[in-house]
Structure formats: C-alpha cells, structure tokens
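# Observations on the model geometry
Listed below, chain by chain, are the residues.
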Amino acid sequence: MRYISTRGKAPVLSFDEAMLTGLARDGGLYLPETVPTMTHDEIAALAGVSYEEAVFRVIWPFLGGALGDEAETREIIAKAYAGFGHVARAPLKQLADNHFLLELFHGPTLAFKDFAMQLIGQMFQAVLKKTGQRVTIVGATSGDTGSAAIEAFAGLDNVDVFILFPHGRVSEVQRRQMTTPDAANVHALALDGDFDDCQAKLKDMFNDFTFRDEVGLAGVNSINFARVLAQIVYYFTSAVALGAPHRKVSFCVPTGNFGDIFAGFLAKQMGLPIEQLIIATNQNDILHRCMESGAYAKQGVTPSISPSMDIEVSSNFERALWWAYGKDGEAVAALMDELQQGGFNVSANAMGALTQTYTSGRASEAETRAEIARVLAESNELICPHTACGTHVARQHLGETPVITLATAHPAKFPAAVEEASGVHAPLPKRMADLYDKPERVTRVENDLAALETLIRERRVS
Ligand SMILES: *Cc1c(COP(=O)(O)O)cnc(C)c1O
C-alpha cells in the first residue's frame, strides 16, 4: 500500500513512514493511493465480532505489514483498547425513532480521540522498536487531542511528546488531563494564543526542515493518516449493528478539524452503505457556510462551550477537497495558498462532488444548551456540548434512513457547561475520580517559533 500527498509533490511513502512523518514535506496530507474495499459479505461478517477483531479486519489491508504479522498486529490492537471502561468500546444507544448515539467516550481521557491515539501510541512503539529510531512528537490541541496523546504516549520508549494548547481556552478537566501525568517524556505547553495559533506554530515547525530533521519531528494531529484510519472502524461496527450492509445509515459528526467525519468518508469508499455524512458545527461554522455557499472564508474564531470545535482552519478538509477535485494535487495546493490570504471558493464541480456525500448544519450557543436539556428530558441521556451540536443538527435530517450521531466526549469533561444547560452535575467515572487532587505540570510559552524550538531542543531526552 502506497501513500501519496494531497499536494502531489512529496515522496510516496509506506504506511509506517507516513505515520511517523505526519505532515507531508510539500505541506500536504498523506492518503492511500487506492482505498481497499470490503465486500458485502465481509461487512456482514463484522456483526457480533469483538471491537478489536473489527479493528483488525478493517485496518489490516492499509498496513502493508508495517506492524508485523497478523498475530503481532492483533496484539498491538489488544493493548490499545485494554484501558477502555466499556467492553463494547463504542456502544450504541437509541435516542429516538431512527436516531442513535454512538458513545465514543469510554477511553482513558473520555473523548473519541482515544480510539486513534491509544492505537497509534502502540503502533509508534512497535515501529520505533524495529528501527531503533527516536522521535519528538509535537501536537497542537484544542483540548482533547493533547490529553489523549499525553495519556497514550506517557512512559513509552523512544518518544518525547510536547503538546501546545491555547492558554485559558480549554476546560479544567482537559487541562488537568494534560498537566497531571508525571512521565518524564510528556510536556504540556500553554501557548498565548488560540487553537489556530497552536496549529500554525506546529505547521511552522514541520516546515523548518533543519529543526524537523534534528529532533526527528513526528506529528499525531488528526492530519496523521494513522489516526484517521483508526476512526474508520466505529463507522463499520455501528452501521452493522443497525443492519448494514443490508440497510443504509447516515452519520452526524460534531466537526472541527474534519478528521472524524473524513474517516466516515473512507468507510463509505471501502463499501459501507452510508447515505449522508452530516457535518455539525458550533457557532464557528466555516464548514457549514462553505457547504451552503461554496466559499471557505475565515472570519475569526469565537470561543464556545464546545471548544474542541472552535476552529476555522479545518486541516482534514484538504483531504475531502483532494477527492472533490479529482485527486488534483496542484489545484489543492493553489486553494491552500489562497487560504493563507483568508479563503477560497470551491469550484462548482467540486461542490457537486462534496454534496454527493456531505451535508451540514450549525448549532448556536443557545441551541446547544437547549439541546442538552432536551436530550436529558426526552431520552434521559446527559450529553456533552459537542455531542449536543451533533444531535441538534441530526434532528433536522431525520427521515427514513437511521442517523447515528457521534457522541464525541463524556459530559463530565465539560461539567460547567453541562450543568448550566441541564441543572445536572456530570460526575467523572470512578476510575478517574482523583484528577482534581493531582499536582499540575505546565509551561507557559509565547506565540513565537524560535522560543518554542529552543524549549523543545532543551527538554527532549536525546
Ligand atoms: C476533536 C473533537 C471534535 C472534532 O473532531 P474533528 O476530527 O477535529 O472534526 C469534536 N468533539 C470533540 C469532543 C473533540 O474532542
């Protein structure tokens, strides 16, 4: 299996190389040259198997043996999901007629990011062990990626992890999950800026090839194809639970960086009968506006009660554009140049391709709060604000095809917003009840590339 860049000018890589690299050297994102498919019977045979077995069957064709033989690969998968607090890993619940909730928050940091991060922690460890390489992982987070990465890589061999998060703009639980692990190889950095600033600094570090090669820079943001790959699996398991491949399903995905919903697109390419992928945004609705008008235009980010979706440079949207533009790397590179100037217009043809699969909606702050209260009253489920954006938008798309809304975080991760909306306090699961008692370890950093690079050079174990 060969991996190529969305901008067409970076080296073609194997799975493990693409995983260790993260961002392609031409600024693009890696994707498999051809997407493997599953037959109707293979999809049907996923019914009733363990989550780990489904992971193995879905990801195996993408790996090209990068993690070893079948037994070694299964062992890596088993380790990745052993720390989850629910034996089903991704249980499905019914909210209303034809509306279902896929709970993706039973991992160690209570958000869906754990599904990919726990797996790529184990994958990095396996691949680095073989080559004897040491890497420095730098990640930018709006909250949940960072805690998932720190939790997944803490104490692992051959890796240092530095996580940039926007100072003062993550929830207390998110911050504590990043600042309380005490392994020497993980470092939480609070940057003076917003999430897009964190993401921009990360891109600058990857584009500084001297620094990149010196520290062995690796990325685990959702641009990393290995993360997208891990997220394909729960689209299959949940759709099969509702009768796929004999019946179509749609998914509604609370969206920021477009990684999670893009995994759904790949599931569809692999043969899963998905009717619609519904992009749910909060008030930072650049993706919804783009789907309505064809114009991807930056307006600035306004902090919301669903902070993991407070984004306007939605990195993985580039992968969707690449497909929509008929895999034309030059066209994608030109759009991304325009984005630096503030935005771009998607061509009519490409909009036609996007709207074949995707549709969209937005939830304002008031709608998000009202939705948390409504779902509690009508379905007796307490949901987080991100999930509430999803269920709010999903309700506008309910029809004959069942809709599965992805519950992307546990309500206890955002207790203040949930309590204000519903009057109910969401307690942390027992296994993490000591989070508020542990000491915090964090470094405040200015929004400056040279200062960041110096800090990383000094802190990493070399
Ligand atoms: C990361 C995150 C999202 C957005 O997912 P993307 O893959 O970035 O679109 C939504 N909800 C929660 C809770 C998240 O952590």
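First things first, this report covers the structure right here in the doc. (Residues numbered from 1 in each chain as written. Predicted model: local features only at pLDDT ≥ 70, side-chain atom pairs only at ≥ 80, totals over all residues. Heavy atoms only, no water.)

## Quick notes on the overall build of the protein chain
Within the protein chain, the secondary structure is distributed over 19 helices and 15 strands. Rg of the C-alpha trace for the protein chain: 20 Å, near the compact-globule value of 23 Å for 462 residues, within the 12% margin. Overall size of the protein chain, expressed as C-alpha extent along the three principal axes, is 55 × 50 × 50 Å. Counting only contacts in the protein chain whose residues sit at least 6 apart along the sequence, the fraction spanning at least 24 positions is 76%. For the protein chain, the accessible surface area stands at approximately 16500 Å², while carbon and sulfur atoms represent 47% of it. Charged side chains of the protein chain number 40 positive and 55 negative; the gap between the two group centres comes to 2 Å. (Helix = DSSP H or I, 4+ residues; strand = E, 2+ residues; numbered from the N terminus. Rg over C-alpha atoms; globule rule 2.2 N^0.38 Å. Contact = heavy atoms within 4.5 Å. Areas by Shrake-Rupley, 256 points an atom, 1.4 Å probe, with all protein chains shown as cover. Lys, Arg positive; Asp, Glu negative; His and termini not counted. Charge placed at Lys NZ, Arg CZ, Asp CG, Glu CD.)

## A few points about the packing of helix H5 (residues 113-131) against helix H10 (residues 225-241)
As a packed pair, H5 and H10 sit with axes 8 Å apart at the nearest point and diverge in direction by 125°. If you check the angle between H5 and H10, you find them oblique. The hand of the H5/H10 crossing is right-handed. Touching Lys113, Phe115, Ala116, Met117, Leu119, Ile120 and Met123 of H5 are Ala226, Arg227, Ala230, Gln231 and Tyr234, all from H10. Each residue belonging to the contact of H5 with H10 can be placed in one class, and the counts come to 9 nonpolar, 1 polar and 2 charged. (Axes fitted to C-alpha atoms, helices over the stretch in contact; angles between N-to-C directions. Parallel < 35°, antiparallel > 145°, perpendicular 65-115°, else oblique. Left-handed = near helix turned anticlockwise from the far one by under 90°. Nonpolar A, V, L, I, M, F, W, Y, C, P; charged D, E, K, R; others polar.)

## With respect to helix H12 (residues 286-293)
Among the residues of H12, those classed as buried are Ile286, Leu287, His288, Cys290 and Met291. Buried residues in H12 make contact with strand E10 (274-281), strand E11 (295-297), helix H13 (317-324), helix H15 (348-357) and strand E13 (358-362). At the C-terminal side of H12, glycine 294 shows a positive phi close to 85°. (Buried < 20%, exposed > 50% of the residue type's maximum accessible area, 1.4 Å probe, protein only.)

## Some details on the pattern of salt bridges
Tallied over the entire structure, the rule returns 23 salt bridges. Ionic pairing is found between glutamate 420 and arginine 369, a salt bridge with its closest N-O pair at 3.7 Å. Of the two residues, glutamate 420 sits in helix H18 (residues 415-422) while arginine 369 sits in helix H16 (residues 365-379), which places them 51 residues apart along the sequence. Its relative accessible area of 27% is what places arginine 369 among the partly exposed residues. One network of salt bridges, with partners in common, ties together Glu53, Arg57, Glu70 and Arg74. (Salt bridge = Lys/Arg side-chain N within 4 Å of Asp/Glu carboxyl O.)

## Brief notes about the nonpolar core
The biggest cluster of nonpolar side chains holds 119 residues, and the ones touching the most others in it are Met123, Phe124, Phe153 and Tyr358. Here the element with the most residues in this core is H10; it accounts for 12 residues. When sequence neighbours within four positions are dropped, the list of residues in contact with methionine 123 reads Phe15, Met19, Ile59, Leu63, Leu67, Ile76 and Ala226. By size, the runner-up hydrophobic cluster in this structure holds 22 residues, among which are Val138, Phe162, Leu164 and Leu217. (Core = buried A, V, L, I, M, F, W, Y, C linked by side-chain atoms within 4.5 Å.)

## Quick word on H5
The end-to-end C-alpha distance of H5, which contains 19 residues, comes to 27 Å, matching closely the 27 Å that a straight helix rising 1.5 Å per residue would cover. Of all 19 residues making up H5, 14 are buried, and the element is well covered by its neighbours. Among the residues trailing H5, glycine 132 stands out with phi positive, at a value near 75°. (Expected span 1.5 Å × (residues − 1).)

## A closer look at the site of the ligand
In the vicinity of the ligand there are 15 residues, among which Lys113, Asp144, Gly256, Asn257 and Thr408 approach most closely. Between an oxygen atom of the ligand and a main-chain N or O atom of glycine 256, the distance comes to 2.8 Å. Glycine 259 has a polar backbone atom sitting 3.2 Å from an oxygen atom of the ligand. Contact with the protein chains removes 97% of the 380 Å² of surface that the ligand exposes when unbound. Class assignment of the residues belonging to the shell around the ligand gives a composition of 5 nonpolar, 7 polar and 3 charged. (Near = heavy atom within 4 Å. Polar contact = N/O pair within 3.5 Å; in protein donor to acceptor, adjacent residues only side chain to side chain.)

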